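Chains, contacts and geometry: an overview
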Amino acid sequence: MEWNFKNGIPIYTQIIDEMTMRIASGQYPPGGKLPSVRDLALEAGVNPNTMQRALAELERRELVHSERTSGRFVTEEEEILNTLHEVLAKRYFEEFADKLHKIGMSGEDIAEAVKRWLEDIR
Amino acid sequence: MARIEIENLTKEFGTLTALDNVVLELEKGQIVGLLGPNGSGKTTLIKIMNGLLTPTAGTVSINGINPGIETKKIVAYLPDRNSLPEYMTTGQLIELYQDFFDDFNIVKAETMISELGIDMTQQMKRMSKGTKEKLQLCLVMAREAEVYLLDEPIGGVDPATRDYILRTIISNYNEDAVVIISTHLISDIESVLDDVIFLKEGKVVLHKKAEDIREETGESVDQLFREVFRC
């Protein structure tokens, strides 16, 4: 995927979001090795120090861990990955519900619409 | 290794004050943007750091040494206009750099030159303006220097080459080197910068981490620049 950065938001937080999404979606699978800081910085077109800072934060959140000589790896802990999915799903759902509330839909309207929509695509 | 200290630096040209009591400290491992409108003193500052101009007052030190022959061994400088002999071909210029600079990495130079499709046998004077700029940048970036002073490296080239240049700067990144890039094309380079310096009428009006600017103001460096320098 292309990296697109929004104005006025620290780049490292945007990198954290993108990398988190890549881990959650399996683009970087559990236990998989991440590209090097330099390669990721090149791919994203950002300062290597900024990429490093974002990866350090992902480590702190235990989504990745580093092995001294061989690089950084995505966690294999199911509990952490499950929590990640829940957190992301909640965030997306809140955004989605927020927009629908703005156009005047109630919680019930939304539930009904989601149900109908799921039936339609089935 | 590299550390640059600038103390109370002033440069006057007759009655014009080009730099007015500039104080800066730059650490290794940083990519620094020297940003300011035309005539703000960017080129003067870079020329002093490179020993091409002498200060009216104040000092510059690079690893504790004033700019001169010794610092030129560790400083790779891209001037704001062509300074190379135009009758030479690409190949001859590579040899020239090889002769002049111990830290010149010829493999790196040849790789960049071929990736950018520059003809090894063409004389510089027959090249387009953009190609000349690309060639000069390849020669400068092929040095394994401790300080890179790049005066407007992206001004005259197309957007695809601009991306290539930025990628070159990122892949060349070395935690022992300082890269200083002067430009007014901020939105193109701001994602690669650690530190940002705003120069206005010869004075440093801001020196901050680019990420701190985004965090504190909710604006991009480019947006903040447009506010500070609104005409």
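Residues numbered from 1 in each chain as written. Chains lettered and ligands numbered in written order. Predicted model: local features only at pLDDT ≥ 70, side-chain atom pairs only at ≥ 80, totals over all residues. Heavy atoms only, no water.

**Things to note about the interface of chain B and chain A**
Listed as interface residues are 19 residues of chain B and, on the opposing side, 16 residues of chain A. Of the roughly 1,500 Å² buried between chain B and chain A on both sides combined, carbon and sulfur atoms contribute 51%. Between the two partners, chain B and chain A, sit zero salt bridges. Counting across the chain B and chain A interface gives 11 residue pairs in polar contact (both at pLDDT 80 or more). Elements represented by at least two residues in the side of chain B that touches chain A include exactly β3 (30-35), α6 (159-171) and α8 (210-217) of chain B. A per-class count over the side of chain B that touches chain A returns five nonpolar, eight polar and six charged. (Contact = heavy atoms within 4.5 Å. Buried area = accessible area lost by both parts, 1.4 Å probe. Salt bridge = Lys/Arg side-chain N within 4 Å of Asp/Glu carboxyl O. Polar contact = N/O pair within 3.5 Å; in protein donor to acceptor, adjacent residues only side chain to side chain. Helix = DSSP H or I, 4+ residues; strand = E, 2+ residues; numbered from the N terminus. Nonpolar A, V, L, I, M, F, W, Y, C, P; charged D, E, K, R; others polar.)

**Details of a negative patch on the surface**
All names here are of chain A. Taken together, the side chains of Glu108, Asp109, Glu112, Glu119 and Asp120 present a region of like negative charge at the surface. In this structure, Asp109 sits in helix α5 (residues 107-121). Classification of Asp109 by relative accessible area gives partly exposed; the value is 36%. (Patch = residues over 30% accessible without salt bridge, like charges linked within 9 Å, V, L, I, M, F, W, Y side chains within 5 Å. Areas by Shrake-Rupley, 256 points an atom, 1.4 Å probe, with all protein chains shown as cover. Lys, Arg positive; Asp, Glu negative; His and termini not counted. Charge placed at Lys NZ, Arg CZ, Asp CG, Glu CD. Buried < 20%, exposed > 50% of the residue type's maximum accessible area, 1.4 Å probe, protein only.)

**Observations regarding the domain arrangement of chain A**
Residues and elements named next belong to chain A. Per the domain assignment, the segments of chain A are domain 1 (11-74) and domain 2 (78-121). One C-alpha centre belongs to domain 1, the other to domain 2, and the line joining them spans 27 Å. With eight residues of domain 1 in contact, the opposing surface of domain 2 contributes seven residues. Interface area, domain 1 with domain 2, both sides summed: about 640 Å², of which 76% is carbon and sulfur. (Domains from an automatic or database assignment.)

**Quick word on the side chain of Ser40 of chain B**
With respect to the helices, strands and loops of the structure, Ser40 of chain B is situated in the loop between β3 and α1 (42-49). Here Ser40 of chain B is in contact with Ala18, Leu199, Lys200, Glu201 and Gly202 of chain B, once residues within four sequence places are set aside.

**Quick word on unusual backbone geometry**
Here the phi dihedral of Glu62 of chain A falls at roughly 65°; this positive angle occurs in a residue that is not glycine. Within the secondary structure, Glu62 of chain A is located in the loop between α3 (48-60) and β1 (64-67). One non-glycine residue with positive phi stands out, namely Asn21 of chain B, at about 55°. One can find Asn21 of chain B in strand β2 (residues 16-27).

**Observations concerning the pattern of salt bridges**
Residue and element names in this part refer to chain B. Across all of its chains, the model carries 25 salt bridges over all chains by this definition. Among the ionic pairs, Arg143 bridges to Asp103, the shortest N-O distance being 2.8 Å. Placement of Arg143 in the loop between α5 (129-141) and β6 (147-151) and of Asp103 in the loop between α3 (90-100) and α4 (106-115) is noted, with a sequence separation of 40 residues between them. The buried category is assigned to Arg143, whose relative accessible area is 2%. Residue Asp103 is classed as buried on the basis of its relative accessible area of 15%.

**With respect to the sheet that holds β2 of chain B**
Residue and element names in this part refer to chain B. On the basis of which strands lie adjacent, the open sheet formed by three strands has the order β2-β1-β4 and antiparallel pairing. Only two strands of the sheet have a single partner each, and these edge strands are β2 and β4 (57-62). Direction aside, neighbouring strands of the sheet carry axes that sit 15° apart on average. Judged from the five bridges that link them, strand β1 (residues 3-13) and β4 form a sheet pairing that is antiparallel. Across the sheet, Thr10 pairs through a bridge with Ala57, a residue of β4. (Pairing = 2+ DSSP bridges. Axes fitted to C-alpha atoms, helices over the stretch in contact; angles between N-to-C directions.)

**What about the side chain of Glu219 of chain B?**
Examined against the element boundaries, Glu219 of chain B turns out to sit in the loop between α8 and α9 (221-228). Among buried Asp, Glu, Lys and Arg side chains, Glu219 of chain B stands out as unpaired, with Arg230 of chain B the closest opposite charge at 7.7 Å.

**What about the sheet that holds strand β5 (residues 75-78) of chain B?**
Residue and element names in this part refer to chain B. Spatial strand order, β5-β6-β7-β3-β8-β9: six strands in an open sheet with mixed pairing. The sheet is open, and its two edges are formed by β5 and β9 (203-209), each paired on a single side. The sheet shows a mean angle of 15° between the axes of neighbouring strands, taken without regard to direction. Two strands pair when backbone bridges link them, and β3 and strand β7 (residues 178-183) are joined in this way by six bridges, in the parallel orientation. The residue bridging Ile31 from the neighbouring strand is Val179, located in β7.

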